[in-house]
Amino acid sequence: MEFRLEDIDPDEIERRLAVVEPLTDSVRGLIDAVIRSEVDDAVLDRARARIDEITAELRVHQKPGGYGTPFTRDLRGMPWGNAATGLRNPIAPPLRPEHGAGVSTGSVHLGAAYEGPGGLVHGGVLALLMDQLVGECASTIVNMPHFTGTLTVRYLRPTKLGRVDLRAEVTGTQDRKTFVHVEVRDREGVTADGEAIMIRPKDFPGRDEVLAAIARTP
Ligand SMILES: CCCCCCCCCC(=O)SCCNC(=O)CCNC(=O)[C@H](O)C(C)(C)COP(=O)(O)OP(=O)(O)OC[C@H]1O[C@@H](n2cnc3c(N)ncnc32)[C@H](O)[C@@H]1OP(=O)(O)O
């Protein structure tokens, strides 16, 4: 887990998001269209050539590796490449968690790109979303980043594609461990639940900056 301080103000964050969020949404639309399109092969071939051109244009200047998890001095995180929440990651639904007292919630629309069995959400996608939410829940409540040590998922009944709601709640803490219960619902009720043991790592790159930024946060 690597954290990197990026000393920019909220206006600059908004300026960047105003450019990349619409781009990411457009690519989400493209992914959905590629899965569901019934146009003929010639149109698909033409689309591929145009997409390859755009990809080459974007690759002229790019980061090595992943996007990383930059954060500002006031601890606003910018994990924009995150697989579940990333604001510039088209495979992220994206989940946008909200945090209350010991509870985190989030809703997503899971369309064709998240299908497992026909018409139903892939179990791994649900585990991804649960993992993210329990991570954010433990990290926000304890105010320090946590890793998922163990996540046990029970799939209670199939989850229909469409709107899915998640809720995570801290059920206890013990030294560096935080215990979190999580539930997933589709429009007909609870479809899966899970128990997570979240661990606050002893050390990680950027730890001192995170602690200093927390200390400065009013
Ligand atoms: C603001 C930031 C928001 C971030 C949200 C992001 C959410 C994303 C969620 C994720 O996807 S995290 C990525 C998936 N998880 C990992 O990659 C974790 C990989 N594993 C590790 O890095 C280490 O194994 C871990 C940090 C989990 C534990 O290493 P430690 O060296 O700190 O553990 P240690 O051996 O000192 O054990 C400390 C306690 O934790 C317990 N423990 C260790 N590993 C465990 C485990 N895997 N499961 C359950 N408990 C575990 C261990 O028994 C012990 O309990 P006791 O104190 O009661 O004895």
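Residues numbered from 1 in each chain as written. Predicted model: local features only at pLDDT ≥ 70, side-chain atom pairs only at ≥ 80, totals over all residues.

Caption draft 1: Just the overall build of the chain, in detail. Tallying secondary structure elements over the chain gives four helices and eight strands in all. Traced from its N-terminal end to its C-terminal end, the chain shows the element sequence β-α-α-β-β-β-α-β-β-β-β-α. Along the first, second and third principal axes, the C-alpha set of the chain runs to 60 × 45 × 25 Å. Each of the 218 residues in the chain was classed as buried or not, and the buried ones make up 22%. (Helix = DSSP H or I, 4+ residues; strand = E, 2+ residues; numbered from the N terminus. Buried ≥ 20, exposed ≤ 12 C-beta atoms within 10 Å, placed from the backbone.)

Caption draft 2: Region of interest: helix α1 (residues 10–36). If you check α1, its first and last C-alpha atoms are 38 Å apart, about what 27 residues at 1.5 Å a residue would give, namely 39 Å. At L17, α1 is deflected by roughly 30°, the largest bend along its length. α1 sits mainly on the outside: one of its 27 residues count as buried. (Expected span 1.5 Å × (residues − 1). Bend = angle between axes of the 7 residues up to and from the residue.)

Caption draft 3: Broad picture of the UniProt feature "domain: Thioesterase" (unreviewed entry) in the chain. Look at the UniProt record and you will see "domain: Thioesterase" (unreviewed entry) annotated at residues 118–191. End-to-end, the C-alpha atoms of residues 118–191 are 16 Å apart, and along that stretch the chain is 27% helix and 47% strand. (UniProt positions renumbered as here; feature names shortened; annotations may be inferred.)

Caption draft 4: Broad picture of the site of the ligand. Surrounding the ligand, one finds 18 residues, the nearest of these being G135, F147, G149, T150 and I199. Breaking the shell around the ligand down by element, the ones donating at least two residues are α3 (123–142), β5 (147–155) and β8 (189–199). Tallying contributions element by element places α3 first for the shell around the ligand, with five residues. For the shell around the ligand, the residue count by class is five nonpolar, seven polar and six charged. (Near = placed C-beta within 6 Å. Nonpolar A, V, L, I, M, F, W, Y, C, P; charged D, E, K, R; others polar.)

Caption draft 5: Quick look at the sheet that holds β8. Overall, antiparallel pairing links the six strands, which are arranged β3-β4-β6-β7-β8-β5 in an open sheet. Every interior strand has two partners, whereas the edge strands, β3 (98–99) and β5, have only one. The pairing of strand β4 (residues 103–110) with strand β6 (residues 162–174) spans eight bridges and is classified as antiparallel. Residue pairing in the sheet places T105 in a bridge with R167 of β6. (Pairing = 2+ DSSP bridges.)

Caption draft 6: A look at the pairing of β6. Taken together, the nine bridges between β6 and strand β7 (residues 177–186) define a ladder with antiparallel strand orientation. Across the sheet, residue G172 finds its bridge partner in β7, namely F179. Linking two consecutive strands that pair antiparallel, namely β6 and β7, is a turn of two residues; a positive phi of about 50° is found at D175 within it.

Caption draft 7: Structural context of the nonpolar core. Counting 26 residues, the largest nonpolar core has L129, L133, V134 and V180 as its most contacted members. Broken down by element, the residue count for this core peaks at nine residues, all from α3. (Core = buried A, V, L, I, M, F, W, Y, C linked by C-beta atoms within 7 Å.)

Caption draft 8: Region of the structure containing the environment of Y67. Position of Y67 among the secondary structure elements: in the loop between α2 (41–58) and β2 (69–71). Other than its neighbours up to four places away in sequence, Y67 contacts W80 and G81. (Contact = placed C-beta atoms within 7 Å.)

Caption draft 9: Main features of α2. Across its 18 residues, α2 extends 26 Å between first and last C-alpha, which sits within 8% of the 26 Å expected from 1.5 Å per residue. The buried count for α2 comes to zero of 18 residues, which makes it a mostly uncovered element.

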